[in-house]
Every structure is written in structure tokens, then in C-alpha cells.
Amino acid sequence: MSATAETANVSMTPANPSQPEADSWPRITLVTPVYNSDRFIEQTIRSVLNQRYPNLEYIIVDGGSTDGTLDIIRKYESRVSWWISESDRGMYDALNKGFARGTGEIMGWISATDQLHLGGLLVVGSIFKAFPRVEWITGIPTNFNEQGMAIHVGWQQRWSRFRFLAGANRYIQQESTFWRRGLWERAGSRMDDSRRNANDFELWVRFFCHAQLYPVAALIGGFRMHDDSLGLQDLEACHRVHDEVIEAELKSGRGNGLIRAFRRAERIMMKIPIARYLWWQIVQKGMYRLPGPDMAPVIRYVIGKGWTIGK
């Protein structure tokens, strides 16, 4: 899709799920992987069910919890499309189980500690309904505290494959990210479950080989800041995974010569204090901020017009 402006007016009022009009909304398969999360799982489930999205397939995959998690799931099981509790090899194995079970045209996941914003799935469904050629979207990144209060709203970011692999805008907030099943299938139809964390990054690298990531100027989901978060416990380990994935991708030879050269130059600059500072201020910040034809345009909602795509 070109960066020229495009507009689509889609009603934001969902049909009653019991009525035939619900079929006009794309089915969203949303998976929650969980293991021993009775502290937060109820807030997560309620944030999904309270969406009242008219064509939702909600799947929960539990890894054999031994705390109160199963009691909470059973409390809501009549409103959940499918759930299972059995031992697994971690979150990404659980996601593979859930996605293999799902049938939705649109896919995403929300972890057992995180939450959706009110109306977030209506944003997702209405955008994919409005723009058939858009395959991958992400909302404005946000954070919740341990009590579930939205405490931070980030700035609108944009992405391209080159900038992502070169090291800019590495953090695509998974809680706000959804994609079409066709993209999932072209990218291999599975999560890499060989690591305990950061494998969403590996999925994004594969997605970038097939589609642009469209930023959405709206709130969809958010990450909960809490002490037990694997990612927050060891950010350096996450960054090492990122570098391993990037290096593996660059070895694939998919037009990656310029990216390899860029990363070599960066490694040299990082060894020189003043050069490191200038590299960050000029080059890295530039990749974050400067517009360019390599980045997908932002999707925004305009009163009276509906969702629009433009520069």
C-alpha cells in the first residue's frame, strides 16, 4: 500500500453477538498463555471479556498451574471459547497450542499479567475491516502498574525492516499488536519456542520479510510493570536474544548488505566515547524520528471520516 492518504468509514458500534451482523466483523483469535498467575489473571480475563467485541474467539492455555489460577479460569469458562491446562515448555509453546486451535482471521495474544484498553478490540477489528490490504498493526505503547492503572502512554512510533534490524525501535509492544492469519501462515505459522523470553522479537523479524507494520494512533493494550516480569528482570538477556536473531536474519542474505555495514560501523563507534555519543544523538535518534518512504504511514481516526491512512 502506498503512503498516499486513504480513508474508510466503519461504524464503531458493534452488533449484538447473537445477531447475524456480528459476522460482518472479522473474527479475532486472542490467546492468553498462563502459568501460576492468580495475582493478575482475573484482571486480564476481564479486560478481554469486557471488550464486548462481537466476533471474538478467546483461548486460554494454562501450563499446569498449582496456585489459584485454574479456579479463576473456571469462573469465566462459559465465556471463554476454549481452554486447557497441561504441562508445556513455556509461554511460546502455549501460544503455539492456542494459535493452532484458533480459527480467527485476525490474531494476537495478551499475556496473563497484561491488559487490553477498553474498546481496544473494536479498534483492531474496525481497522482490519476498513483496510483489507493492511496485514499488521500496533497501537500506541502503554504501561499499567500492579494495580491495573494506566500510568504511562508512549509516543507514536513508526517502523521499517531496515531500521528495525539496524537497531532502532526494537520494542514493538506485543500487547498492542495484531496481524492477519495470512501473514502468520507466510511467516511459518508458529512461534519460536526455543527460548523463555523475547521470541516475539523473532516473530516480528519474520513478519517484516512479508509485510509493513502500520502504527495506529489509538490505545489497544498495555504491559503491566511488575517485579516478576521476565523481560524486566534481565533486559540484557533480552538484548542478547535480539542480537542473535538479527545476526541469524542477516546471514539469510535477503538484501542485508547495507544493514550489515551499518551494524559494523555502529560496533566501531561504540568503542569511542565521543563517537558513541554522536552516533546516538545523530544516527540512532534520526532513525527513530526521521520520516522516510521505508516506513508505513500512521492510521488515525478522524471524526466524520473514520479511519484514515496517510503520511
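Anything mentioned here points back to the structure above.
## Quick notes on the environment of E146
Consideration 1: Of note, E146 is situated in the loop between β8 (142-144) and β9 (150-153).
Consideration 2: Exposure remark for E146: the relative accessible area of 25% places this residue in the partly exposed category.
Consideration 3: In the structure, E146 is positioned 25 residues away from L121 in sequence and 22 Å away in space, judged by C-alpha atoms.
Consideration 4: Not counting chain neighbours up to four residues away, the residues in contact with E146 comprise R39, F40, Q43, R224, M225, H226 and D227.
Consideration 5: There is a polar contact of 2.3 Å between the side chain of E146 and the side chain of R39.

## A look at the environment of D243
Consideration 1: Examined against the element boundaries, D243 turns out to sit in helix α9 (residues 235-250).
Consideration 2: A relative accessible area of 31% means that D243 is categorised as partly exposed.
Consideration 3: Sequence separation between D243 and L165 is 78 residues; the distance between their C-alpha atoms is 9.0 Å.
Consideration 4: If we ignore the near neighbours within four places in the chain, the residues touching D243 are R170 and R263.
Consideration 5: A polar atom in the side chain of D243 sits 2.9 Å from the side chain of R170.

## Quick word on the pairing of strand β14 (residues 306-310)
Consideration 1: With five of five residues buried, β14 lies mostly within the body of the structure.
Consideration 2: Bridge analysis of strand β13 (residues 298-302) against β14 gives five bridges, and the strand direction is antiparallel. Looking at the pairing, V298 lines up with G310 of β14.
Consideration 3: The loop that links β13 with its antiparallel partner β14 comprises three residues; one of these, G304, has a positive phi angle of about 90 degrees.

## Quick look at helix α4 (residues 120-130)
Consideration 1: Counting buried positions along α4 gives 10 out of 11 residues, so the element sits mostly inside the fold.
Consideration 2: Within α4, the full set of buried residues consists of G120, L121, L122, V123, V124, G125, S126, I127, F128 and A130.

## What about the nonpolar core?
Consideration 1: I45, I137, F178 and I299 are the most contacted members of the largest nonpolar core, which totals 39 residues.
Consideration 2: Among the elements of the structure, β2 (28-34), α1 (41-49), β3 (56-62), α2 (69-76), α4 and β14 are those that each provide at least two residues to this core.
Consideration 3: With sequence-adjacent residues up to four places away left out, I137 is seen in contact with V124, I127, F128, S176, T177, F178, L213, Y214, V216, I220 and I299.

## Concerning the sheet that holds strand β7 (residues 136-138)
Consideration 1: Strand order in the open sheet formed by seven strands is β4-β3-β2-β5-β10-β7-β11, and the pairing between neighbours is mixed. Strand pairing shows two members of the sheet lacking a second neighbour, β4 (82-85) and β11 (214-215), which therefore form its edges.
Consideration 2: Relative to strand β5 (residues 106-109), β2 is paired through four bridges, and the arrangement is parallel. If you follow I28 over to β5, its bridge partner there is I106.

## Quick notes on unusual backbone geometry
Consideration 1: Of note in the backbone geometry, R52 takes a positive phi value of approximately 55 degrees without being a glycine.
Consideration 2: Mapped onto the secondary structure, R52 falls in the loop between α1 and β3.
Consideration 3: Given a relative accessible area of 63%, R52 falls into the exposed group.
Consideration 4: Although it is not a glycine, A198 sits at a positive phi angle of roughly 70 degrees.
Consideration 5: Along the polypeptide, A198 turns up in the loop between α6 (181-186) and α7 (199-208).

## Here's the deal with the sheet that holds β9
Consideration 1: Here four strands make up an open sheet; going across it, the order is β6-β12-β8-β9 and the pairing mixed. If you trace the sheet from one side to the other, it starts and ends with β6 (115-116) and β9, each paired once.

Calculation criteria
- Residues numbered from 1 in each chain as written.
- Predicted model: local features only at pLDDT ≥ 70, side-chain atom pairs only at ≥ 80, totals over all residues.
- Heavy atoms only, no water.
- Helix = DSSP H or I, 4+ residues; strand = E, 2+ residues; numbered from the N terminus.
- Buried < 20%, exposed > 50% of the residue type's maximum accessible area, 1.4 Å probe, protein only.
- Contact = heavy atoms within 4.5 Å.
- Polar contact = N/O pair within 3.5 Å; in protein donor to acceptor, adjacent residues only side chain to side chain.
- Pairing = 2+ DSSP bridges.
- Core = buried A, V, L, I, M, F, W, Y, C linked by side-chain atoms within 4.5 Å.

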